[in-house]
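If you want the building blocks of each chain, they are given just below.
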Amino acid sequence: MAASPTDGLCETMVKPQGYACEEHQVMTKDGYIISVQRIPVGRSGGAPGDRPPVLLQHGLLGDGSSWVLLPPDQALAFVLADNEFDVWLANTRGTTYSLGHSSLSPQDKVYWNWSWDELVSDELPAMFQYVYNETGQKLHYVGHSQGSLIALGALSNQQPLNMWKSAALLAPVSYLNQISSNLVRLAADNMIANVSYWLDLAKFDPLGAPAITLIAEICVKQGIDCRDLMSAFSGKDCCLNSSGASVLSSHKPQSSATKNLIHFAQMIKEGTLAMYDYKDENENKKHYGQPTPPVYNMTSIPKDFPLFLCHGGADSLSDVKDVKLLINSLKNHVRDRLELHFIDKYAHVDFILGVNAKKVVYDPLIAFFKRQ
């Protein structure tokens, strides 16, 4: 689809910082209309079009604004643009800027009938194809949290490999069985135990009454300290200053499909890295042609594909033990095609809002991209 003239992330968060910005829309094969913003050049200007494109994919309950919340010398999208990359910001279906569909409304329950499987099979390929068509170049990719998971899923299925140049995965999520966030683990238990109730909601609104009630009950009944809710969810961030913490608290968390949250709960409870399990052999056969969901095999990722992985020691979602499982599955990767970074004090949000993220994460990431 053509560039959208409507005001969105460009007008509210990118142009006010002095950057050129374009609004685009991408139609997926399952009918969702995805908002994508392009920052073609840095603040110093220059000729657009000949710069290597990089697609930034946010995590669960976030959107494309995740990459532009901080000032230009700290936010990854701006840092990349100022380093002569052609930057594209993705906004997953169901978020504020990506509520469109060819035939459905967000008020329709069927609109929310998806999990991250569809982000792998339908959404990510559509965005890659669009950016590739616009730029004529293969893409670098940066994914945070869920954004890393869908990249790993796509790479393990070897799609769309002809358009990838490299991938940087920050706080990578893959295996989830060993997460150390008790709050998330107990929430997953509740969802699995009451799956019919949660699925009937269709849309998961983190600020809606069911979600707030769930968290409140866990905090009270299980004795979890929820005074710092972000730390309870994802680990104590080391490197957010007062402005970063203020930006985070004032920025509304985004909705997702309840089915997507249940998919994550299955991974946490069962230690699986597989497609959504319908818990019925006939339903699984209907969707997959087999009684159990197909697995995402990390050893199927091409061994010579350039990968940059960066994880933190204080991250209770992308837990060190789970990341080690991922790294072990990549043990046969070509050595100079896999770059690993470990930041002992970093938790989940530090990777996008840490005041020193440019130095310890983004500068090595950019150097990695430029070597490819």
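Residues numbered from 1 in each chain as written. Predicted model: local features only at pLDDT ≥ 70, side-chain atom pairs only at ≥ 80, totals over all residues. Heavy atoms only, no water.

**Q** In this structure, what is going on with helix α4 (residues 146-156)? I would like to understand it.
**A** Residues spaced three or four apart along an α-helix face the same direction, because each turn holds 3.6 residues. Burial runs high along α4: 11 of the 11 residues are buried. Taken together, the buried positions of α4 are Q146, G147, S148, L149, I150, A151, L152, G153, A154, L155 and S156. Positive backbone phi, at 55°, marks Q158, one or two positions downstream of α4. (Buried < 20%, exposed > 50% of the residue type's maximum accessible area, 1.4 Å probe, protein only. Helix = DSSP H or I, 4+ residues; strand = E, 2+ residues; numbered from the N terminus.)

**Q** Could you clarify how one ought to interpret the state of the cysteines in this entry?
**A** What is meant by a disulfide is a covalent connection between two cysteines, made through their sulfur atoms. According to the stated counting rule, one finds three disulfides in the structure shown. Across the disulfide from C10 sits C21; the S-S distance is 2.0 Å. When the S-S torsion is -65°, as for the bridge of C10 with C21, the disulfide is left-handed. Residue C10 is located in helix α1 (residues 9-14), and its partner C21 is located in the loop between α1 and β1 (22-27); the two are separated by 11 residues in the primary sequence. C21 matches C10 in its accessibility class, with the two residues each being buried. At a sulfur-sulfur separation of 2.3 Å, the disulfide partner of C238 is C239. With the S-S dihedral at roughly -90°, the linkage between C238 and C239 falls on the left-handed side. (Disulfide = S-S within 2.5 Å.)

**Q** Any chance you could explain the packing of aromatic side chains here in plain terms?
**A** Aromatic ring pairs are defined here through the distance separating the ring centres and the angle between the ring planes. By the definition in use, this model includes 17 aromatic pairs. Ring plane angle 85° and centroid distance 5.7 Å describe the contact between W164 and F305, whose orientation is recorded as edge-to-face. Within this pair, whereas W164 is found in strand β7 (residues 164-170), its partner F305 is found in the loop between α11 (281-288) and β10 (307-312), the two being separated by 141 residues in sequence. Aromatic side chains Y346 and F351 sit 5.1 Å apart centroid to centroid with 85° between the ring planes, which places their arrangement in the edge-to-face category. As far as burial versus exposure is concerned, Y346 and F351 are alike and both buried. An aromatic cluster of at least three residues, connected via ring pairs, comprises F85, F308, F368 and F369. In this structure, R93 is placed above the aromatic ring of Y32, and the distance from its NZ or CZ to the ring centre is 4.0 Å. (Phe/Tyr/Trp six-rings, centres within 6.5 Å; stacked < 30°, edge-to-face > 60°. Lys NZ or Arg CZ within 6 Å of the ring centre and 35° of its normal.)

**Q** Just checking my understanding: could you explain the confidence of the model for the protein for this structure?
**A** Note: predicted coordinates in regions of low pLDDT should not be interpreted at a detailed level. Scored by pLDDT, the protein has a mean of 94; 96% of the residues are at 70 or more. Long-range and interchain partners of residues 1-5, a stretch whose pLDDT sits below 50, account for 12 contacts in this model, where long-range means more than four residues apart. (pLDDT = per-residue confidence, 0-100. Contact = heavy atoms within 4.5 Å.)

**Q** Where do I start with the side chain of S66 in this structure?
**A** Residue placement: S66 occurs in the loop between β3 (53-57) and α2 (76-82). Excluding residues within four positions of it along the chain, S66 makes contact with H58 and I352.

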